[in-house]
Amino acid sequence: MLIPSIDLMGGRVVQLVQGRSDRAAVTSDDVDAWVRRFRPFPRVQLIDLDAAMGTGANDALVRTIAPQLPCRVGGGIRTVDRAREVLGYGARAVIVGSSLFRDGRPDLGFAESLAATVGPEHVIAAVDSKGGRVVIKGWTEATPTTAVEAVRALEPYCGEFLYTHVDREGLLQGTDMDAIQAVRRATSRRLTAAGGITTQREIDELDAAGIDAVVGMAIYTGRLELAAPGSERG
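Owing to the predicted nature of the structure, the values given are computational and were not obtained by experimental measurement.

A. Helix α1 (residues 31-38), seen in detail. Along α1, the residues that are buried comprise Val 31, Trp 34, Val 35 and Phe 38. The arc enclosing the buried residues of α1, seen along the axis, measures out at 105°, which places them on a common side.

Rendered as C-alpha cells:
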C-alpha cells in the first residue's frame with residue numbers, strides 16, 4: 001500500500017533532503033490542496049517537523065487536518081498525554097520515535113506506559129536508521145542500537161513499525177530493500193517503510209512482502225504518478 005506523506009514546517013507543506021531544514025526541495029503554502037488530493041487514500045502520514053525538531057509546532061494545522069484524513073500523526077509526541085491529545089484530534093494512530101529511546105536504548109518503561117494508556121493498536125513505533133544505527137531527535141543523534149534490535153525490543157508495545165532508511169531519505173535514488181527486509185524478518189507487526197522510495201516497482205516489491213510504503217518527495221516532485229486509490233493493494 002502506498003501511504004502519501006504530508007510534512008509540515010512553518011505552516012507549509014515541505015519535503016526535506018535527509019531531514020535537513022536548510023535543504024527543502026519542495027515547499028507549498030496550499031495545504032488544503034494536498035489534503036484534497038490525498039483524501040481518497042486509506043492511510044495518510046502527517047508529520048509536524050517543527051515539533052519533531054523542537055523548533056516550534058504546527059498544532060493548528062494538525063488539528064485541522066487530522067479529522068479530514070485517515071491520519072497517522074507524528075512529530076514531537078514525547079509524552080503519554082500528548083499522544084492522547086493527538087488521538088483526540090482525530091488521528092487514527094500516533095507515530096512515536098525519540099521518546100521510545102533513553103540513553104541510546106529502547107525505553108521499555110515509557111513504551112509500556114504509552115501502550116497501556118492509548119492501546120498498542122494506536123501506537124506506531126518509528127525506528128529511523130542512518131549508517132546502520134537508530135537515530136533520534138530529528139535524526140541528529142545516533143544511538144548504538146540497530147533497527148533490528150529496536151523492533152525486537154519494542155514489538156510488544158505497538159501495533160506497527162515505521163522504518164525510515166534515513167541514508168536515502170529525500171534523494172530520489174531508491175531505497176535499501178535489504179535493510180527493510182531485515183526489519184521485516186525481525187517483527188511480526190505491520191511494517192511501513194520510508195526513505196528514498198521513488199518508483200512504482202519499489203512500492204510493488206514492498207507490497208509483495210507485506211510492507212507498506214510511505215512516499216513523499218517522489219510525489220511532490222512528480223517523479224511518481226499516484227495510482228488511483230481503488231487500484232491500490234493492501
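B. Seen up close, the nonpolar core. Among the nonpolar cores identified, the biggest contains 66 residues, and Ile 6 and Phe 38 are the most heavily contacted of them. In this structure Ile 6 touches Val 13, Val 35, Phe 38, Val 44, Gln 45, Leu 46, Ile 47, Leu 69 and Tyr 220, once residues within four positions along its chain are discounted. Formed by 14 residues, the second largest nonpolar core is a distinct cluster that contains Ile 3, Ala 93, Ala 194 and Val 214.

C. A look at the pattern of salt bridges. Taken as a whole, this structure holds 8 salt bridges when the rule is applied. Asp 59 is the partner of Arg 63 in a salt bridge, and the nearest nitrogen-oxygen pair spans 3.0 Å. Placement of both Arg 63 and Asp 59 in helix α3 (residues 59-65) is noted, with a separation of 4 residues, approximately one turn of the helix. Residue Arg 63 is classed as partly exposed on the basis of its relative accessible area of 43%. The salt bridge partner of Arg 84 is Asp 81, with a shortest N-O separation of 2.6 Å.

D. Region of the structure containing the environment of Leu 226. Along the chain, the position of Leu 226 falls in the segment after α9 (217-220). It is 32 Å that separates the C-alpha atoms of Leu 226 and Glu 155, two residues lying 71 residues apart in sequence. When sequence neighbours within four positions are dropped, the list of residues in contact with Leu 226 reads Leu 2, Arg 37, Phe 38, Phe 41 and Ile 219.

E. Broad picture of the environment of Ala 209. For Ala 209, the location among the structural elements is in the loop between α8 (200-208) and β14 (211-215). Classification of Ala 209 as partly exposed rests on a relative accessible area of 27%. Here the alpha-carbon distance between Ala 209 and Val 14, two residues 195 residues apart in the chain, equals 29 Å. Contacts of Ala 209, omitting those with residues within four sequence positions, involve Gln 181 and Arg 184.

F. Focus on the pairing of strand β10 (residues 133-136). Where strand β9 (residues 123-130) and β10 come together, 2 bridges link them in antiparallel fashion. Counted as the bridge partner of Ser 129 is Val 134 from β10. Here β9 folds back onto β10, and the loop between the two strands holds 2 residues, one of which, Gly 131, carries a positive phi near 60°. In this antiparallel pair of consecutive strands, β10 and strand β11 (residues 141-142), the connection spans 4 residues, and Lys 137 shows a positive phi of 55°.

G. How the structure looks around the packing of aromatic side chains. All chains considered together, the criterion is met by 4 aromatic pairs. When the centroid spacing of 5.7 Å and the interplanar angle of 35° are considered together, the rings of Trp 34 and Phe 38 count as tilted. Remark: Phe 38 and Trp 34 occur in helix α1; sequence separation between them is 4 residues, near one turn of the helix. Of the two residues examined, Trp 34 and Phe 38, each falls in the buried class. Taken together, a centroid distance of 4.2 Å and an interplanar angle of 50° make the contact between Trp 34 and Tyr 220 tilted. Here Trp 34, found in helix α1, pairs with Tyr 220, found in helix α9; they are 186 residues apart in sequence, far enough to count as distant. As far as the burial class goes, Trp 34 and Tyr 220 line up, both buried.

What counts and how
- Residues numbered from 1 in each chain as written.
- Predicted model: local features only at pLDDT ≥ 70, side-chain atom pairs only at ≥ 80, totals over all residues.
- Heavy atoms only, no water.
- Buried < 20%, exposed > 50% of the residue type's maximum accessible area, 1.4 Å probe, protein only.
- Helix = DSSP H or I, 4+ residues; strand = E, 2+ residues; numbered from the N terminus.
- Arc of directions from axis to C-beta.
- Core = buried A, V, L, I, M, F, W, Y, C linked by side-chain atoms within 4.5 Å.
- Contact = heavy atoms within 4.5 Å.
- Salt bridge = Lys/Arg side-chain N within 4 Å of Asp/Glu carboxyl O.
- Pairing = 2+ DSSP bridges.
- Phe/Tyr/Trp six-rings, centres within 6.5 Å; stacked < 30°, edge-to-face > 60°.

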